[in-house]
Structures are given as C-alpha cells and as structure tokens.
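# Results of the structural survey
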Amino acid sequence: MSCAPRINQLSNNELFWLRFCFSIFILLIPLLVGCGSDSHAERERQGRVVLKYWDKWNGFEAEAMRGVVEDFNKSQDRIWVDFNSVSQIDRRLMLATAGGVPPDIAGVWGYSVPVYAENNALMPLDELAREKGIRAGDYIPAYWTLCNHVGHLWGLPSTPTTIALVYNKKLFREAGLDPDRPPQTIAELEEYNAKLTRRGADGRIERIGFLPEEPGWWNALWGYWWGADLVDGSKITARAPENTAAYEWLQTYPDRFGADKLVSFRDGFGNFASPQNPFFTGRVAMVLQGVWIFNFIKNYAPSDFEWGVAPFPSSGSGARDAVTLAECDMLVIPSGAKHPREAFEFIAYVNSQPVMERLCRGQLKFSPLAVCSDEFLDSHPHPHIREFLALAKSPNAKGYPRTAIWTSYEADMRNAVSRIWGGSATAGEALDDVQARQQKNLDRRIERWKRMEPALQKLWSKQ
Amino acid sequence: MSQKKAHATQNLVVYIVLTIAALAFIAPLAWMFSTSLKPLQETMSLPPRWIPTEIQWKNYPEAIEEMKYFWRYTGNTLLVCVLSVFGTVSSSALVAYGFSRIEWRGRDQVFVVLLATMMIPFPVTMVPVYGLFKELGWIGTFKPLWAPAFFAGAFNVFLLRQFFLALPKDISEAARIDGCSEIGIFLRIILPLCKPALLVVALFQFLFSWNDFLGPLIFLTEQRDFTLALGLQSFQSQQGGTAWHHLMAASTLVLLPVLLLFFLTQKSFIEGISTSGGKN
Amino acid sequence: MTKEERRNIRTGLAFISPWIIGFFAFCVYPLVSSVYFSLCDYSVLSSAVFIGMHNYTDLAADEVFWTALGNTFFFCAAAIPLGLVVALALAILLNFDIRGRGIYRTIFFLPSLVPMVCLAVLWQWLLNGEVGLVNNLLNPLLGFMNNLFGTQWVAPNWLAEARWAKWGLIFTVIWGVGNAVVIFLAGLQDVPRHLYESAEIDGAGFWHKTLHITLPILSPVIYFNLVMGLIGSFQVFAVPYVLTGGGDGPQRSLLFLATYLYQNAFDFWNMGYACAIGVVLFVIILACTLLLRAFAEKHIYYAGK
C-alpha cells in the first residue's frame, strides 16, 4: 500500500526564489500599509476631537461635501471631521455599529431611519436640536417627516431629492411630439411611448420611448402614481387595487415588447455614469429620474442634449397632481458613537442656510430648508431646479414607507417585478406573494417592537 | 500493425479533445487580459475583438487610481497572508505531530472529531463568531482574519498528518532512547524532514487568505483596511454600472501575484494537491 | 494506565492544544450559540430574546427559504457530478502517453487559482448576453445548428434570465475543476499497469478498461472529491454574490442558503432567523455526508483489502 506522499525535496532554486519572495513581501508590508496617511493633516488635527464621517457619495457629490467639511474644519479649532466615501453604507454602518466601532457621523438614506431607530442603532437628537434651536418649521414638511420616527428626531437632512419625468426634447421633436407638452397621464405616456419607439428589421428594439426598468431604481414604488400606499399602519397594502393597477401597467411592457427583447436591449446598455448612458445616447427617450440627473447630463451627455422635466404622470382613480418621491440623505449619529455633541455641531453646521445652500448647489440639488435665498435659485446652474423644488413642496410628495421592514419589503417587491417582467407571474399573483410574506414579516416586527419599545423609550428619554 | 494505427488515431483524438478543452479553459483569462487593454467603447463592441485596436496600458494606472487604496489593499492583504501562513504552518505542524508521532490513548477518536469539524460550514458559525470578535473588540481590525490560523485548521492538520505518518517510526524511537524531549524531536528531527509538505501548507494558506472574501466582508469596516478581494468587489459595486476595462485591469493585477507564486513553486503546488486527495 | 501512557497523553494533548482551543472557540461555541440564537429573536443591537421554535416554523412557511433550498440542491446536483465527470475525463485524457502533458495540466489547473472575486467579475463579463464572449461563440454555433435542424435556438442572457442564471454559475464552477484534475491524475498514475495489460490481453477495449479497472481503483479519490465538493457547494456564497453585484439574481434564481443566511443576518437585522438557516444547512451537510459514507462503505474499493 503506497501511502507515502510523493513530495520531493525542494530544489535549491525553488528555495532561493521562495526566500526572495518572502523577504520582499515582508519588506513591502509597512510601505504599502503606510500609504495614504497625510502627515500634514495629522499635525493640524492635534488637540482636536477627530470625528469619522462616512457618507455614501463619490465623484462630484463627494467633492461638494468635502468642500463643506474643509470649511468646517477651518472655521474652528476644536473639531476635525474626516470625510470617508463608503460604498454599501447601509450594510457597513450596521456591521460597524454592531461590531462596536461605528463612525461618529453617518450619511445614510432617509428610508433607513425607521429600521435603524427601532433597532437601537441611532442616537436620538431631540435634546441637541432643541439646544441649537432647530425646529420643524425650518424644513420643507416632506423632509422633516423623514427625520422623525416613533416620537424622536433621528437625523437632519443633508441633501434632498425629488423625482420626475425627464425627457429628451430632440427625440420628441423627431417623433412629431410637442417638446413643451410632456405627457400628463399614463395613457398619454404610452401614446408617446409608441410614437418614440423604433425597432430594427428583426424586431430588436433600437430605441424605446419609456422603459420602467431604466433606471428602475424605484420599482417598488410605482403604486404611488396610482394613488397607492404600501403600508397602512399595521397592514401591508401591496395587493390593494390601486397598487395592483400600477403593476398591471408594468406587466404590459413584456407583453407589448417581448420579455427577451427587453432583456437583450438592456444588456447592451452602457455604464450609467458615462457617455454610453442609454438616456444620453438616445436609446431611451423618457426616464423617471431624480434631481441629480443634471450632474450626469453635464458631464456625460452630448453638448446638444436638450431635456425637459415634468411631474411624472399619474393615473387611474387615484390620480393626483404632482406626485413624487421626496427623499433625502440624512446625517445621523450611530449609537455608541463617542462624541455626539461635537458630531451634532457638524450636522447643525451643514444645516445652516448658507452652508446648506452651498452644499446643495455643489451637488446640483435644491435645498430642504423651508426658506431659501432668491440668489440661490437665480444663480443655480441646474436649469430645471425650480420644477424639482416645486415637486418637493407638493402635498403629494411622499417618502419611502416608514417601516422597519422596508429592506425586506423592497427586496420582495423587486423580486415581484422581476417575475412580472420575466413573464413567470401576473401582477396579481406576484403581489399576492409579497402581501402574504410581508404581512407575516410586519406582524413579527410589530411583536418585536412591542417587546422592545418600553425599554428603548426609557433609554432615549434619558439622552 | 493495426494496433499501432489504432494507437495513433487514439492519440490524435486525445490531442484534439485536449486542445479544444485547453482553449476553452484559457480563453477566459486571455479575454480578461485583452479587455483590460481596451478603450472603454471597445469593451462593449459587437462583434467582440480579441486584439484591441489600440492597446491602452494606461488602463492599469487608471484602474489603480480609481480604486483609490489599491496599494494599501495590497499591503493589507500581504499582512494578513503572511501572518496567516506563519500561524497555520506552526500550529498545524504542532497539532499534526501530536496526532501522528505520539501514541496516546484516544488519539484516533479525537482525530475523527477533527475530521468531522471539516463538515461545519462557515456560514453556520459566522454570526456567533462575529459576536465573539465583537466582545474581543476585534471587529474592524485584521485580527479576525489571521488569528484563527494560529489554531490549526482541520484540512492542514490532515495533510501534514499524512506526511508525518509516512516517516519511519524508528527515528523518533532512537531519539527518545537518547533522551531527547518530544518537542526536541519535533523541532530538530521531524520538522526539517518536512520542508516540502510545510511549503505546500504555506502555499495553500497563502492562496486561501489572498482569495478570502466573506471574512473581510463582515470583519472589516474601514475602506482603507480592505483586502484586495474585498477592494475589488467594492470597486465593482462603486458606480451605477461597470467600467469593464478598469475592472478587468484590476482583476488581472489581483491575479498576478498568485500566478507568479504558482509558476515559482509549480512542482510543490501540483504535488501538494496530488497528495491531498490521496488515500483517505 | 501506566506512567508512560499518562505521560504520552499529556504530551499528545499539549501538542494538539492549539487545535483544542480553536475547536472550542470556533466550532463548539459557535455551533451551540447558533442553535441557541436560532431559538431567539435576535436583532443585532439588542440582546437575544428566547422565542422557542418560532424561527423554524417561520422557515418552514417561508417560500423564499424553500427557493433558496431548491436552488442549493439543484446547484449541487448539477455542479458536483458535472464537475467530477469533466475532471475525470480530462484526467483520463491527460493520462495517455502524450507529449506536453505538463502544459495541458497547467492550463487546466490555472483557473482554480483565480481568486473568487476575480473569477466572478470575469464571468459576469463573459456571460453578458449581448457582448459576452460565451454568447458570441455560442450564437454562430447555434445559428449553424438552426440551419441544420430548422430550430430556433438562441443563446440566453445567462445572468439575466431566471432559467439560465444557475447554469451560468455552473460554468464558472466547472472552469475551476483543475484542482480535481490534478488529484485524479495523481490517482490514475497509481493504477498498476499490469492490470491494464492483462485486460488488453483478454481483449478489453477502452470503455471496459475504464469502467472495470480505472474507476474502481479511483473510487477512494472520487469519494474524497465528492465529499469536498459537497461541503463546498452547499455553502456557495462568494461567486453568486459578486456575479449579481451583491443581490440574488433574476427572480431569486441565484439565492442560495448561504446567501439567504447572510441577507437575514446583515441586511434584515434578523440574526436569530439567520442562525436557524445555518443550523438547517449544517444538518443537511451532515446528513448528506453520512449517507455518502454509508454508500461508500459498500462500493469503494481500497487497495489494501
């Protein structure tokens, strides 16, 4: 029985190379790990409280905030804020907070507030805001709502957004449509869609008027434009008639265009942040997009790109005017952070009118504050800033559903859309499944909240 | 005569099949390298080209710059790898020695338990281990990535034990009669005979640590502390879409040290793998 | 026990002490904790509250869990045998007396060294329905066959279609069988030549030799690779995670047990539920390994016996 392993002795050559590589590795480590530390900044930081600030932005949005951070650091000598661009911030923040090493300030999405708050991941800011004299009246109502949950204030907005129908005026003209009269109802949207769509000889789609999947960032929320809500207190309303109507509309897309043709069409789309963005190359004529789209148009679209903005049309019995998703980036202080007062000082700084206007102009967005200077709007580079701002003030501006199960709910809704688009379920069937699962999920979550609430409320009222 | 001809046709068929298979296996890597040298528009061109119209070596420095902390990632990964290798080799050798060169009661039963632990999937232990490291205050540091290596993983112990068992018993016996302590025998006699096997364990551990993704994903929090694997994935998920040429360039760079190591130690690598699948 | 035996036990235990500590810290404690947490409602930042079997009953009624389970089983049932067959076939071919065997072997082995993240990033690119290499090689072939047979076959958009996403993943796995090829090749070279020679004298052809000599002698090696493949495939996470950019594929077709576990633990703040999934995963692997062992006892041929 030959169980002796046949490993020959190392040749001298192999040994030499190995020792060589090993030594190089060991020598390289301190060099490489030490890269990127800024000694000049170290000196400046001495004596100050150093705050770690994580935010989700990169590119020009990050640059705008970096400018604000620099100004803050220069304006006083007690606090130094260290800005870090972090991808997948929701998950990372959760892991870091759970792991006991949270950043001092985090810039999360508004929709995360309920789940973080209910899971004791954030510090309530009521006291700190009161001390600085920050009140509800300072903000556009839609955004103040996002900051509050279960009776406490959890964060303050950094930059706001609304979403609207953004369309290519040149393509409208080419198709014989009036570029200054965008569609006002869903029926009209589909008329325009038919006129704008071009197909090739073999049925391949070359250009489409409107494609819900491009960019498809709010696939869970189509019901909003049909007057639907996704949660009503302790009830999930995914299967309510208004919401179902919206997804039945979605279902007409694979029926009309062919599911596989749509997939092929989308597979060939270029990078969003590049000149090959399908909206900029004219492959999609109308998109549901947010106020930030101007950033991308400015940097990537062809110089003769003509575009218009209008409220996304709504439909059916629930049709209302100027429906939009009003969301914002939120600055929060994770629980367990070591310097809440200093952190809040920075957050309050960002929320002062001149600084907020500076930040929002840098990110080419409007301001979430109730009052904004005329100069801000007049000199704003964004050609359609007033349309987006008007949408934010609309009574039909809503945020994401304020529920702690939103991540799971949204995942299920996205899966439902995926099934509808793949043709493996009708809108009703897909939504039935979401309804059943998420109702159970919500019931469990409400149980958990009932159990945890008394202790948590006591804890929060002390802070 | 016909047997020779049958033999020759057989060989020809084998060559053809192997060549087709080899092309299929090498094509992805070649494609990765080719894409890494293309300008962005060409990455999405139809029909796809193998040789870019202009060879853009600058994709590499561009990718490194976009990844921001590439050199730090490399340093971090090297740190974790070197510490892991050291920990694994030393602890696995000790433990394998204990399971093979000393006769003690219950030894083989305990070894079966060790084998059984290979069946425990990491995801099962992930959450409590995360909690454990949190209590120790190690989340956000590199310790969770290399410290477990110092506690002898089952697979490496298994591998080294095979090797130790094959060494003749009398050399240990002779040393014991001479009054040598067990640890002395281990250090002065057995270990020097095992350099090739230790090298194999080191290589496997290096490869594992270089590739490890799930560990860094949950234990590292600061972007600048990421390892290359995590940094690459982070780079992929950065923007709304993907700049394939940069991503392929970055992937090639992450792959390169592994390839280098392989070509330097080919023989040991191959032989190590061959014996690991040996008689159970 | 004699004094010598006692001393030997002490020395033995001393030597294996690193493993013992690791065993308790990284095996026993986590397993026991996982089982305990699986009986609790544990939302990361608050302490775990005992709720009995609720998580398991929820799991049984959770269709997403069954989807994940189904996906995992399908993946294992397809990838493991396919991988073994391909690896074995390549090894057998390499075992012929051919020149350049080293080069071929290296080419087959290299992909198994590629870091998983690189592999996933590369294959995400290769499997793109429009501009990916796979389809651009497959479509002309399918077109040719369509002309021949009058069919309408079209290469699918692998990672974008629920029906085909897992097959795309299986490609990436098969690309990495180099490891197994090398192991099989080593095993093949251990087969005594005289057995083949005597079979040839009796007039046995290639298939007969393979089925009745090669495979039985290789059976321990096949068994080893099977068990390793099983343990590895059931916990598949990194590659589909990166392939889908952190998601779970079209209509959750790339949602596996480990993925769902990770999602519940770190996305949905449901660590108790995640632990329940973990316990189920462990039980499945244990059951399969034991089944395989029972099967192996009867069918594996050991040279010594």
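Residues numbered from 1 in each chain as written. Chains lettered and ligands numbered in written order. Predicted model: local features only at pLDDT ≥ 70, side-chain atom pairs only at ≥ 80, totals over all residues.

### Quick look at the overall build of chain B
Test applied: Secondary structure elements are defined from DSSP: runs of H or I of at least 4 residues count as helices, runs of E of at least 2 residues count as strands, and each element is numbered from the N terminus. Distance between backbone-placed C-beta atoms decides contact: two residues are in contact if it is within 7 Å.
Per the secondary structure count, chain B includes 15 helices and 0 strands. A principal-axis box enclosing the C-alpha atoms of chain B has dimensions of 75 × 75 × 30 Å. Long-range pairs, those at least 24 residues apart, make up 76% of the contacts in chain B between residues at least 6 apart in sequence.

### Overview of the overall build of chain C
The number of helices and strands found in chain C is 14 helices and 2 strands. Projected onto its principal axes, the C-alpha coordinates of chain C cover approximately 70 × 70 × 30 Å. Of the contacts made within chain C by residues no fewer than 6 positions apart, 70% connect residues no fewer than 24 positions apart.

### Let's talk about the environment of B:Ile55
When you line up the elements, B:Ile55 lands in the loop between helix H2 (40-43) and helix H3 (59-66). The spatial distance from the C-alpha of B:Ile55 to the C-alpha of B:Gln223 is 31 Å, given a sequence separation of 168 residues.

### Remarks on the nonpolar core
Note on soluble globular proteins: their nonpolar side chains tend to be buried together. Here is the rule we go by: Residues of type Ala, Val, Leu, Ile, Met, Phe, Trp, Tyr and Cys that are buried and joined through C-beta atoms within 7 Å form what is called a nonpolar core. Labels follow a simple rule on C-beta atoms placed from the backbone: if 20 or more others lie within 10 Å of a residue's own, it is buried; if 12 or fewer, it is exposed; otherwise it is partly exposed.
By size, the foremost hydrophobic cluster in this structure holds 302 residues, and its most contacted members are C:Val117, C:Ala120, C:Val181, C:Phe184 and C:Ile277. Among the elements that make up this core, the one with the highest residue count is helix H4 (residues 70-100) of chain B (13 residues). If near-sequence neighbours (up to four positions away) are discounted, C:Ala120 is found in contact with C:Ala238, C:Val239, C:Val242 and C:Leu243.

### Examining the packing of helix H2 (residues 17-38) of chain C against helix H14 (residues 271-299) of chain C
Residue and element names in this part refer to chain C. Heads up, the rule is: The angle between two axes is taken between their N-to-C directions and runs from 0 to 180 degrees, where each axis is a line fitted to C-alpha atoms and a helix contributes only its stretch in contact. Here is the rule for angles: anything less than 35 degrees is roughly parallel, anything more than 145 is roughly antiparallel, 65 through 115 is roughly perpendicular, and the remaining ranges are oblique. Each crossing gets its handedness from the near helix: less than a right angle anticlockwise from the far helix is left-handed, clockwise is right-handed. Under the scheme applied here, ten amino acids are nonpolar (Ala, Val, Leu, Ile, Met, Phe, Trp, Tyr, Cys and Pro), four are charged (Asp, Glu, Lys and Arg), and all others, including Gly, are polar.
The contact between H2 and H14 brings their axes to 7 Å, and the two run at 125 degrees. In terms of orientation, H2 and H14 fall into the oblique class. The two elements H2 and H14 cross, and the hand of that crossing is left-handed. Packed against H2, whose contacting residues are Ser-34, Val-35, Phe-37 and Ser-38, the element H14 presents Met-271, Gly-272, Cys-275, Ala-276, Gly-278 and Val-279 at the interface. Tallied by class, the residues present in the contact of H2 with H14 amount to 6 nonpolar, 4 polar and no charged.

### Overview of the confidence of the model for chain B
The condition that has to hold: Per-residue confidence from the predictor is reported as pLDDT, which spans 0 to 100.
Taken residue by residue, chain B gives an average pLDDT of 85. The fraction at 70 or more is 95%. Ranking the elements of chain B by mean pLDDT puts helix H15 (residues 266-276) of chain B last with 73 and helix H7 (residues 143-146) of chain B first with 93.

### Considering the interface of chain C and chain B
Between chain C and chain B, the contact holds 75 residues from the first and 74 residues from the second. Ranked by residues supplied to the side of chain C that touches chain B, first place goes to H2(C) with 13 residues. Across the side of chain C that touches chain B, the residue classes break down as 58 nonpolar, 15 polar and 2 charged.

### Some remarks on H4(B)
Residue pairs three or four apart in sequence face the same way in an α-helix, which turns once every 3.6 residues. Counted only if it meets this: To estimate the expected span of a helix, count its residues, drop one, and scale the result by 1.5 Å.
Relative to the 45 Å expected for 31 residues at 1.5 Å per residue, H4(B) spans 43 Å between its end C-alpha atoms, a close match to the ideal helical length. Burial within H4(B) is extensive, with 25 of its 31 residues counted as buried.

### Brief notes about the domain arrangement of chain B
Put simply, the test is: As annotated, the domain borders come from an automatic or database domain assignment.
When its domains are assigned, chain B resolves into domain 1 (2-60) and domain 2 (69-238). Look at where the C-alpha atoms of domain 1 of chain B and domain 2 of chain B centre, and you get two points 37 Å apart.

### Description of the pairing of strand S1 (residues 49-55) of chain A
Side chains on a regular strand alternate between the two faces of the sheet. Residue and element names in this part refer to chain A. Convention followed: For two strands to pair, DSSP has to find at least two bridges joining them. Looking down the strands as they point away from the viewer, one classifies a crossover as right-handed if the path from the first strand across the helix to the second runs clockwise.
Of all 7 residues in S1, 5 are buried, a share of seventy percent or more. By the bridge criterion, 7 bridges tie S1 to strand S2 (residues 79-85) in an arrangement that is parallel. Each residue of the ladder has a partner; that of Val-50, found in S2, is Trp-80. Handedness of the S1-helix H3 (residues 59-75)-S2 crossover: right-handed. As paired strands, S1 and strand S3 (residues 105-109) are joined by 3 bridges and run parallel to one another. Pairing of Tyr-53 across the sheet is with Ile-105, part of S3.

### Points about the pairing of S3(A)
Residues and elements named next belong to chain A. Among the 5 residues of S3, 4 are classified as buried, and the element is accordingly described as predominantly covered. Relative to strand S13 (residues 324-332), S3 runs antiparallel, the two being bridged by 4 bridges. Its bridge partner being in S13, Val-108 is matched across the sheet by Met-330.

### Quick look at the confidence of the model for chain C
Residue and element names in this part refer to chain C. Averaged over all residues, the pLDDT of chain C is 87; the fraction at 70 or higher stands at 98%. Element-level pLDDT for chain C is lowest in helix H10 (residues 193-201), with a mean of 82, against a maximum mean of 93 in helix H4 (residues 63-95). In the model output, the complex is listed with pTM 0.85 alongside ipTM 0.84.

### Some words on the environment of C:Val44
Position of C:Val44 among the secondary structure elements: in the loop between strand S1 (40-41) and strand S2 (49-50). Excluding residues that lie within four positions of it along the chain, C:Val44 makes contacts with A:Met94, A:Ala98, A:Asn119, C:Trp269 and C:Met271.

### Things to note about the packing of helix H13 (residues 228-236) of chain B against helix H6 (residues 116-126) of chain C
Packing of H13(B) against H6(C) brings their axes to within 8 Å, and their N-to-C directions diverge by 25 degrees. Classified by the angle between their axes, H13(B) and H6(C) sit roughly parallel to one another. Contacts between H13(B) and H6(C) pair B:Ala229, B:Leu232, B:Gln233 and B:Gln236 from the former with C:Val117, C:Cys118 and C:Val121 from the latter. Of the residues in the contact of H13(B) with H6(C), the class split is 5 nonpolar, 2 polar and no charged.

### Focus on the environment of A:Ser234
Residue and element names in this part refer to chain A. Along the polypeptide, Ser-234 turns up in the loop between strand S9 (231-232) and strand S10 (235-236). Given 11 C-beta atoms within 10 Å, Ser-234 falls into the exposed group. For the pair Ser-234 and Pro-215, spaced 19 residues apart in sequence, the C-alpha separation works out to 31 Å. The contact partners of Ser-234, leaving out residues within four places of it in the chain, are Leu-442 and Ile-446.

### Details of unusual backbone geometry
Peptide bonds are trans in most cases, and residues, glycine excluded, mostly fall at negative phi. All names here are of chain A. Following Glu-214, the chain continues to Pro-215 via a peptide bond in cis, the omega torsion being -5 degrees. Its location among the elements puts Pro-215 in the loop between strand S8 (205-210) and S9. Notably, Asn-120 is not glycine yet its phi reads approximately 60 degrees, a positive angle. With respect to the helices, strands and loops of the structure, Asn-120 is situated in the loop between helix H5 (113-118) and helix H6 (126-132). The backbone of Ala-322 sits at a positive phi, close to 45 degrees, despite the residue not being glycine.

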